[in-house]
Amino acid sequence: MTKVSWSRLLFFTMLIFILALAACGNDEASDEEVTDEPDVTTEEPAEEDAETEEPADEGAGESTDGEPAETEPKVTEFEPAFPEQTRAPAVETETELTEEVVVDGLGVLWGMAEFEPNRLLVTQRDTAELLIVNLNEFAVSEPIEGTPEVNNSGQGGLLDVAVAPDFDDSRLVFLTFSQDVEGGTVTAVGKGVLSEDEASLEDFEVIFQATPAYEGDLHYGGRIIFDEDGNLFLTTGERSDDPIRERAQDLDAYLGKVIHITQDGEPVDTNPFIEDEDALDGIYSYGHRNIQGIDFHPETGDLWIVEFGPQAGDELNIVEPGNNYGWPIVSYGIEYTGELINDGISEHEAQGFIEPRYYWDPTSAPSGSSFYDNDAIPEWENNLFIGGLVSSYIARVVIEGDTIVGEERLLTDKGERFRDILVTEDGALIASTDGGSIYKITAAGE
Ligand SMILES: [Ca+2]
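None of the values given here were measured: they were computed from a predicted structure. (Residues numbered from 1 in each chain as written. Predicted model: local features only at pLDDT ≥ 70, side-chain atom pairs only at ≥ 80, totals over all residues. Heavy atoms only, no water.)

Q: I'm lost on the overall build of the chain in this one. Help?
A: Counting secondary structure elements, the chain contains 4 helices and 24 strands. Within the chain, buried positions represent 58% of all 446 residues. For the chain, the accessible surface area stands at approximately 18,300 Å², while carbon and sulfur atoms represent 46% of it. (Helix = DSSP H or I, 4+ residues; strand = E, 2+ residues; numbered from the N terminus. Buried < 20%, exposed > 50% of the residue type's maximum accessible area, 1.4 Å probe, protein only. Areas by Shrake-Rupley, 256 points an atom, 1.4 Å probe, with all protein chains shown as cover.)

Dropping the structure here:
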């Protein structure tokens, strides 16, 4: 053989190899999307599969010329209600960033709260451990005693953590978790006092249960956040299965809702259905599927939630009191079996529901979220950061008013399922993962 034909042979051999790799990666990715959502406890396959997606994700981040951040084909036939509702143009952070792994190997780190500067309370979902992570010393504490019994099967376990706005005085810590009760399990909220030596949570008591109970281990929702009056917003899920999921539309069930309660678990007296005798007083909004992220926009004060969709159709919504967000009557996604949901109606507004401000197709499997309310990285101010599970990236979403104008995907090369996001007082972006790591992202040189 001549030199030329050797190089041609080499070229075609490599081409076949690359094509085979690409085909393999696609298969695994779609398997993952089918299998992941009903049971996110299958960590290892998901992480392995996520690594095969690296090349595509890296390519996506470099385009800033109006091309969307999403480069994969859609899985549905649906059209958005308005052009900015999906596939926002790719944007790219110009600030040089430093990424550090603060801790690793800790299991599914579901929730985080900064209770002192650079010190986080962190929940471990499956072991139900509450830990203290020191972001400066890269250290983790022994588990804090006094945390509640949880049901940790499926997507259940110890979920979110938040500290009271007056924590410095009250030392009150709020936890959400899946709780065994008569008739099944519920999403529960409880509170306890962190002891001065930080070794235990004292006088822990359950203040709220998102009834009715259901025999299942999926879609607990479980995010909590305080509003400026010191009351709590709690998100729930609709428990996934058909027909229980239809309870998302019912005002006599706390499933598939945003719930607004006091620190004692009582309905806030300005809630929209207080006067409605047939409705539960704690309900703030309804028609949700499985809300995994919640935060207030730092400038507008709008309450943005991240809603885990079916196959595709993950949503960003602005929550307003009394509104109905349409699940499971309308969706921009389809069943994981490929079947249409309710004959395939995607338009929300035309059916009398609230349109999502944004949705992902294919699925992004969005989890915990946080606005960047700091000037340490000025170009990130008021952007929303969302952890991605199946997608194994952190989405950075640029918002103007109530419109999404750009999207970037960060940490695409880690092969991690990003579970929760937090912005510290110092302006570090913190991300926890199902692999048990905590990443700290800062401007280089800080
Ligand atoms: Ca919806």
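Q: Looking at this model, I keep getting lost on the sheet that holds strand β14 (residues 291-296). Mind explaining?
A: Whenever strands of a sheet pair, they do so through backbone hydrogen bonds, lying parallel or antiparallel. Read from one edge of the open sheet, 4 strands run β14-β15-β16-β17, paired in antiparallel fashion. Two strands bound the open sheet, and with one partner strand each, they are β14 and β17 (358-360). The mean angle between the axes of side-by-side strands here comes to 20°, regardless of whether they run parallel or antiparallel. (Pairing = 2+ DSSP bridges. Axes fitted to C-alpha atoms, helices over the stretch in contact; angles between N-to-C directions.)

Q: I tried to follow the sheet that holds strand β9 (residues 201-214) on my own but got confused; where do I start?
A: If you walk across this open sheet you meet the 4 strands as β6-β7-β8-β9, and the pairing is antiparallel. Each edge of the open sheet carries a strand with a single partner, namely β6 (158-163) and β9. Looking at each pair of strands side by side, their axes are set apart by 25° on average, direction ignored. When strand β7 (residues 172-181) meets strand β8 (residues 184-194), the two strands line up antiparallel, connected through 10 bridges. Paired with T176 across the two strands is V189, which belongs to β8.

Q: How should I be thinking about the environment of T403 in this particular structure?
A: Mapped onto the elements of the fold, T403 is located in strand β21 (residues 403-410). Judged by its relative accessible area of 21%, T403 is partly exposed. A sequence separation of 45 residues divides T403 from Y358, and the C-alpha atoms of the two residues are 8.1 Å apart. Every residue in contact with T403, bar those within four places of it in the chain, is listed here: E84, R357 and V398. A polar atom in the side chain of T403 sits 3.3 Å from the side chain of D402. (Contact = heavy atoms within 4.5 Å. Polar contact = N/O pair within 3.5 Å; in protein donor to acceptor, adjacent residues only side chain to side chain.)

Q: Would you mind going over the pattern of salt bridges with me for this structure?
A: Close approach of charged atoms allows side chains of opposite charge to pair. For the structure shown, the criterion picks out 19 salt bridges. Note that K414 is salt-bridged to E99, the shortest N-O span being 2.8 Å. With a gap of 315 residues between them, K414 in the loop between β21 and β22 (418-423) and E99 in strand β1 (residues 97-103) connect regions that are remote in the sequence. For K414, a relative accessible area of 26% translates into the label partly exposed. Overall, E99 belongs to the partly exposed group, its relative accessible area being 40%. The partner of E407 in a salt bridge is R409, with the nearest N and O atoms 3.0 Å apart. Accessibility classification places E407 together with R409 in one group, the buried group. Each of E70, E407 and R409 takes part in one network of salt bridges that share partners. (Salt bridge = Lys/Arg side-chain N within 4 Å of Asp/Glu carboxyl O.)

Q: Looking at this structure, how should I read the side chain of T176?
A: Tracing the sequence through the fold places T176 in strand β7. Judged by relative accessible area, which is 0%, T176 ranks as buried. In this structure the side chain of T176 is engaged in a polar contact, spanning 2.6 Å, whose partner is the backbone oxygen of G222. In contact with T176, other than residues within four places in its own chain, are G157, L158, L159, D160, A188, V189, G222, I224 and L234.

Q: What am I meant to see in a negative patch on the surface here?
A: Taken together, the side chains of E299, D373, D375, E381, E425 and D426 present a region of like negative charge at the surface. Inspection of the secondary structure puts E381 in the loop between β18 (366-371) and β19 (384-388). (Patch = residues over 30% accessible without salt bridge, like charges linked within 9 Å, V, L, I, M, F, W, Y side chains within 5 Å. Lys, Arg positive; Asp, Glu negative; His and termini not counted. Charge placed at Lys NZ, Arg CZ, Asp CG, Glu CD.)

Q: Teacher, can you tell me more about the packing of aromatic side chains here?
A: Aromatic ring pairs are described here by two measures, namely the spacing of the ring centres and the angle between the planes. Summed over all chains, the structure comprises 14 aromatic pairs. The side chain of R223 reaches across the aromatic face of W110, ending 3.8 Å from its centre. In this structure, R289 is placed above the aromatic ring of W327, and the distance from its NZ or CZ to the ring centre is 5.2 Å. (Phe/Tyr/Trp six-rings, centres within 6.5 Å; stacked < 30°, edge-to-face > 60°. Lys NZ or Arg CZ within 6 Å of the ring centre and 35° of its normal.)

Q: I keep staring at the confidence of the model for the chain and nothing clicks. Help me out?
A: Interpretation of this model should avoid reading the predicted coordinates in detail wherever pLDDT is low. Mean pLDDT over the chain stands at 89; residues scoring 70 or higher make up 85%. Note on residues 15-63: pLDDT under 50 across the span, and 63 contacts to partners over four residues away in sequence or across chains. (pLDDT = per-residue confidence, 0-100.)

Q: What's the story with the pairing of strand β23 (residues 429-433) in this structure? I'm lost.
A: When a strand is regular, its side chains alternate between the sheet's two faces. Burial analysis of β23 places 5 of its 5 residues in the buried class, the great majority of the element. Looking at chain direction, β22 and β23 are connected through 5 bridges and run antiparallel. Residue pairing across strands places L422 opposite I430, the latter belonging to β23. Sheet topology places β23 next to strand β24 (residues 438-443); 4 bridges connect them, and they run antiparallel. Looking across to β24, one finds that S432 is bridged to I438.

Q: Any chance you could explain unusual backbone geometry here in plain terms?
A: With an omega of 20°, the peptide bond running from D242 to P243 counts as cis. Of note, the amide linkage connecting W327 to P328 takes the cis form, showing an omega dihedral of -5°. Checked against the element boundaries, P328 lands in the loop between β16 (314-319) and β17. Its identity as a non-glycine residue notwithstanding, A128 has a phi of 60°, on the positive side. With respect to the secondary-structure elements, A128 resides in the loop between β3 (119-124) and β4 (129-134). The phi torsion at H219 lies on the positive side, around 55°, for a residue other than glycine. The topology assignment puts H219 in the loop between β9 and β10 (224-226).

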